[in-house]
Amino acid sequence: MTKEKNSSAALLQIDRATPMPLYRQIYARFRTAIEQGVLHPGDRVASARDLASELGVSRGTIETAYNLLVGEGYFSSQGQAGTVVSPSLPAHRSARRERRRAEPHADREALADAEPPPPLQLGIPALDAFPRKLWARLTARRARATTAADMFYGNPSGYAPLRAAIAAYLLVSRGVSCHPSQVFVTGGYRASLALIAHTLLDKGDAVWVEDPGYQPTQDVLRSTGQRTVPVPVDEEGMVVARGMRKAAHARMAVVTPSHQAPLGVSMSLARRLQLLEWASQSKAWIVEDDYDGEYRYAGPPLPALKSLDGHDRVLYAGSFSKVLYPGLALGYVVAPESVCAAFGEAALTRSNGSPQITQAVVADFMRGGHFSRHLKKMRLLYARRRGMLAAALLKAFGDEVRIDLKSGGMHLIARFDKCRESDTELARRAQLAGLNCQPLSARGTAGFGDEGLLMGFTNIGSAAQAQQLAVKLRGAMGVR
Ligand SMILES: Cc1ncc(COP(=O)(O)O)c(C=O)c1O
């Protein structure tokens, strides 16, 4: 469909004012498109009848142009199957290159135009352990059952059964009690945060963000016009007293209480209560970014901060990127009842919402009990993979490495205190060797002095692979 469009009317701006006959113009445009690599050997072109009606010329005009192109070997007529650009033509060189870049696995009809993530990549779930067959079945069932009504605009706030499934899951698993109408489905965390800022904040408002923290939080808030105030994080999470000293009248705080990004600490109960008290006193909002709160390996997951929110100041932001997979591009916000109407209006003005069928498949996955089963499996798998990476690093580096294993999350922090090089330099060397470690120091402001390498362990397939990676890392870092 796209290919055909590409090869027909969109390419053919004909000019009725020039003396060149129309069939000749059409012939010349197709030739140029082939020579420039816009059309490729084997691409189907529109039928003479369709193109004639699209361009508002007679069918005979198109047929004359096509006959000329067939006669010269540019086109090949394939009877019932239509007309195509001759498969035997040599592909234009730059076009071939472009095509390879755009379609790395064209034979498998891959959707993504990106390479698979490199080893130790942060923040992605185990892509090898996702129940793809089951997902394909649920997707096919939904696709087959699509009705005309399903093809109309959906609710930009989210597909009702998914909102209900999320509310049910939050109550059971995260201790968050909300009505489905408080759940707003978005395109992921950044979309959630932008929706929150757009709905609740004004330009120039101050917002506390964690230092060190998740850079996209700052990026989004700056793009929506707020002023971010970095607030230090210690073993108990964001140091609320420091926030109050720096900007007591901030309108919002964004925190990752379950598993601080990137340090991995859980916010203590005392801090949670202090933060809630500040928000309630100063009528400020708290965004709880619970991106991977499900992954806790010692004991059950901690209840969400939102579960303690007696004054309705917390907006809970969830994402399916870690618990399902990031390509889904789905997240959600739970908004306090008092602002639900404003969120509904903002969702309506901002977009058509997320694809209905994807939301329906996620809802089916949740309601069928597959979601909780999947999370349970991933918790066990990640605990194992984390152990494999930690053991391999200890074996490869001995007492030169100090491994910071927090109770949850999808990455560990390896500290190389005896190394003279900075963590930025060590990460650069590792990345040159194809290992995607990230420097801890880069996640904080200038005053943040802690160093280490952040390493994702979720996609480590075996103990042998972990050992191989650790040895490679040691070589890349230049540790003798
Ligand atoms: C701290 C933090 N918040 C949120 C997210 C989820 O973002 P998204 O929904 O855009 O994938 C991530 C993903 O890496 C993250 O690290």
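Here the structure is a predicted model, which is why all the values come from computation and not from measurement.

Asks: Hey, could you go over the domain arrangement of the protein chain for me, with residue numbers and the actual values?
Replies: If you check the domain split of the protein chain, you get domain 1 (9–102), domain 2 (153–368) and domain 3 (373–477). Relative to domain 3, the C-alpha centre of domain 2 lies at a distance of 27 Å. Facing 24 residues of domain 2, the contacting portion of domain 3 comprises 24 residues. The largest share of the area that domain 2 buries against domain 3 comes from Pro262, Tyr295 and Tyr297, three residues that together contribute 35% of it. Along the contact surface separating domain 2 from domain 3 lie one salt bridge. Put simply, Arg379 and Glu294 hold a salt bridge, and the shortest N to O gap is 2.6 Å. For the pair domain 2 and domain 3, the interface holds nine residue pairs in polar contact (both at pLDDT 80 or more). Of the residues contributing to the side of domain 2 that touches domain 3, the split by class is 13 nonpolar, five polar and six charged.

Asks: So what's going on with the site of the ligand? Residues and values would help.
Replies: With respect to spatial proximity, the complete set of residues near the ligand consists of Gly188, Tyr189, Arg190, Tyr214, Ala261, Asp289, Tyr291, Ser319, Ser321 and Lys322. Ser319 is positioned such that a nitrogen or oxygen atom in its side chain is 2.7 Å from an oxygen atom of the ligand. A distance of 2.6 Å separates an oxygen atom of the ligand from a polar side-chain atom of Ser321. Here the residues of the shell around the ligand sort into four nonpolar, three polar and three charged.

Asks: Quick rundown of helix 13 (residues 356–367)? Include the residues and the values.
Replies: Three or four residues apart is the spacing at which side chains of an α-helix point the same way, because the helix has 3.6 residues per turn. Along its twelve residues, helix 13 runs 16 Å from first to last C-alpha, staying within 8% of the 16 Å computed at 1.5 Å per residue. Listing the buried residues of helix 13 in full gives Gln359, Ala360, Val361, Val362, Ala363, Asp364, Phe365 and Met366. Contact partners of the buried residues in helix 13: helix 6 (132–144), helix 7 (160–174), strand 4 (183–186) and helix 14 (370–397). Downstream of helix 13 by one or two residues, Gly369 has phi in the positive range, about 85°.

Asks: Tell me about the packing of aromatic side chains, residues and numbers included.
Replies: The geometry of an aromatic ring pair is captured by two quantities: the separation of the ring centres and the angle between the planes. Tallying each qualifying case throughout the model produces 19 aromatic pairs. Relative to Phe75, the ring of Phe30 lies with its centre 5.1 Å away and its plane at 70°, an arrangement referred to as edge-to-face. Taken as a pair, Phe30 in helix 2 (residues 22–35) and Phe75 in strand 2 (residues 75–77) lie far apart in primary sequence, 45 residues in all. In terms of burial, Phe30 and Phe75 fall into one category: buried. Ring geometry for Tyr295 versus Tyr382: centroids 4.9 Å apart, planes at 65°, classification edge-to-face. Linking Tyr295 in the loop between strand 9 (285–289) and strand 10 (314–319) with Tyr382 in helix 14, this pair joins segments that are 87 residues apart in sequence. In terms of burial, Tyr295 and Tyr382 fall into one category: buried. By the ring-pair criterion, three or more aromatic residues cluster together here, those being Tyr169, Tyr316, Phe320, Tyr332 and Phe371. The cationic tip of Arg313 hangs over the ring face of Trp285; the distance from NZ or CZ to the ring centre is 4.0 Å.

Asks: Hey, could you go over the side chain of Ser76 for me, with residue numbers and the actual values?
Replies: Locating Ser76 in the fold gives a position in strand 2. Side chain to side chain, Ser76 and Gln78 meet in a polar contact 3.2 Å long.

Asks: Could you give an account of the pairing of strand 8 (residues 252–255), naming the residues involved and the relevant values?
Replies: Here strand 8 shows a buried face lined by Met252 and Val254 and a second buried face lined by Ala253 and Val255. Sheet analysis places strand 5 (residues 206–211) next to strand 8, joined by three bridges and oriented parallel. Pairing of Trp208 across the sheet is with Ala253, part of strand 8. As judged from the four bridges shared by strand 8 and strand 9, these two strands associate in the parallel manner. Residue pairing across strands places Val254 opposite Val287, the latter belonging to strand 9. Each parallel crossover has a hand, and for strand 8 linked through helix 11 (residues 269–282) to strand 9 it is right-handed.

Asks: Tell me what's going on with the side chain of Arg474, and back it up with residues and numbers.
Replies: Inspection of the secondary structure assignment puts Arg474 in helix 16 (residues 463–477). Under the relative-accessibility criterion, Arg474 is labelled buried at 18%. Within the structure, Arg474 has its side chain in polar contact with the backbone oxygen of Ala396 (distance 2.7 Å).

Asks: Residue-level account of the packing of helix 13 against helix 14, with values.
Replies: Where helix 13 meets helix 14, the axes come as close as 5 Å, and the angle between the chain directions of the two elements is 75°. As far as their axial angle goes, helix 14 and helix 13 are roughly perpendicular. Mapping the contact onto sequence places Asp364, Phe365 and Met366 in helix 13 and His370, Phe371 and His374 in helix 14. Considering only residue class, the contact of helix 13 with helix 14 consists of three nonpolar, two polar and one charged.

Rules used in this analysis
Residues numbered from 1 in each chain as written. Predicted model: local features only at pLDDT ≥ 70, side-chain atom pairs only at ≥ 80, totals over all residues. Heavy atoms only, no water. Domains from an automatic or database assignment. Contact = heavy atoms within 4.5 Å. Buried area = accessible area lost by both parts, 1.4 Å probe. Salt bridge = Lys/Arg side-chain N within 4 Å of Asp/Glu carboxyl O. Polar contact = N/O pair within 3.5 Å; in protein donor to acceptor, adjacent residues only side chain to side chain. Nonpolar A, V, L, I, M, F, W, Y, C, P; charged D, E, K, R; others polar. Near = heavy atom within 4 Å. Helix = DSSP H or I, 4+ residues; strand = E, 2+ residues; numbered from the N terminus. Expected span 1.5 Å × (residues − 1). Buried < 20%, exposed > 50% of the residue type's maximum accessible area, 1.4 Å probe, protein only. Phe/Tyr/Trp six-rings, centres within 6.5 Å; stacked < 30°, edge-to-face > 60°. Lys NZ or Arg CZ within 6 Å of the ring centre and 35° of its normal. Pairing = 2+ DSSP bridges. Right-handed = clockwise from strand over helix to strand, strands pointing away. Axes fitted to C-alpha atoms, helices over the stretch in contact; angles between N-to-C directions. Parallel < 35°, antiparallel > 145°, perpendicular 65-115°, else oblique.

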